[in-house]
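Coordinate inspection notes
Listed below are the residues making up each chain.
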Amino acid sequence: SGALHAAFNDSFMGDEGCLILKEMLANNRKLRSLDLRGCNIHCDGAVALASLLDGAGIKHPSSTEGSMQAHALQTLGLEWNGLGTFESGVQAMCKAISNNATLTDLDLRNNSISPQGGAAIGAMLARNS
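These numbers come from a predicted model, not from an experiment.

Conventions used here
- Residues numbered from 1 in each chain as written.
- Predicted model: local features only at pLDDT ≥ 70, side-chain atom pairs only at ≥ 80, totals over all residues.
- Heavy atoms only, no water.
- Helix = DSSP H or I, 4+ residues; strand = E, 2+ residues; numbered from the N terminus.
- Contact = heavy atoms within 4.5 Å.
- pLDDT = per-residue confidence, 0-100.
- Buried < 20%, exposed > 50% of the residue type's maximum accessible area, 1.4 Å probe, protein only.

1. Considerations on the environment of F8
Considering the arrangement of structural elements, one finds F8 in the loop between β1 (5-7) and α1 (14-25). Along the sequence, F8 and L36 sit 28 residues apart, while their C-alpha atoms lie 5.3 Å from each other. In this structure, F8 is in contact with M13, L21, L34, D35, L36 and C39, ignoring residues within four places of it in sequence.

2. With respect to the confidence of the model for the protein chain
The predicted model of the protein chain averages 87 in pLDDT, with 85% of residues at 70 or higher. Segment residues 63-67: pLDDT under 50, and seven contacts once partners within four positions in sequence are set aside and those in other chains are kept.

3. A short note on unusual backbone geometry
Of note, the phi angle at D10 is positive, near 60°, even though the residue is not glycine. Relative to the elements of secondary structure, D10 occurs in the loop between β1 and α1. A residue is classified by how much of its surface remains accessible, and D10, at 52% relative accessible area, is exposed. One non-glycine residue, N110, lies in the positive phi region at around 55°. Its place among the elements puts N110 in the loop between β4 (105-107) and α4 (115-127). A residue is classified by how much of its surface remains accessible, and N110, at 38% relative accessible area, is partly exposed.

The following block contains the structure:
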């Protein structure tokens, strides 16, 4: 069994904490909501979270050999972080979300996302709507 919601808001876990969180959640298929508001997440953390969302490098225990499966998150709160500090973090998130069929609520407010990052988000939304 596992929690349906996990809140780490304002924990300032940073990118290193996201890497640990990714490992902890890799095989958790019950978590539906993850609150990471105000956690000081930047590029490397965004890339780690993206790998959860698109299943990169995460093998679900019931999957066939070599099969990768995206996490089942439906809600991801990332407000008040620094995902837009480097374009590669936003790009990784957009790529992952484009391929994700379960995420329905994503909060990216106040992440210093550039106009180019905004355009990437717009393109991602067009592909995943």
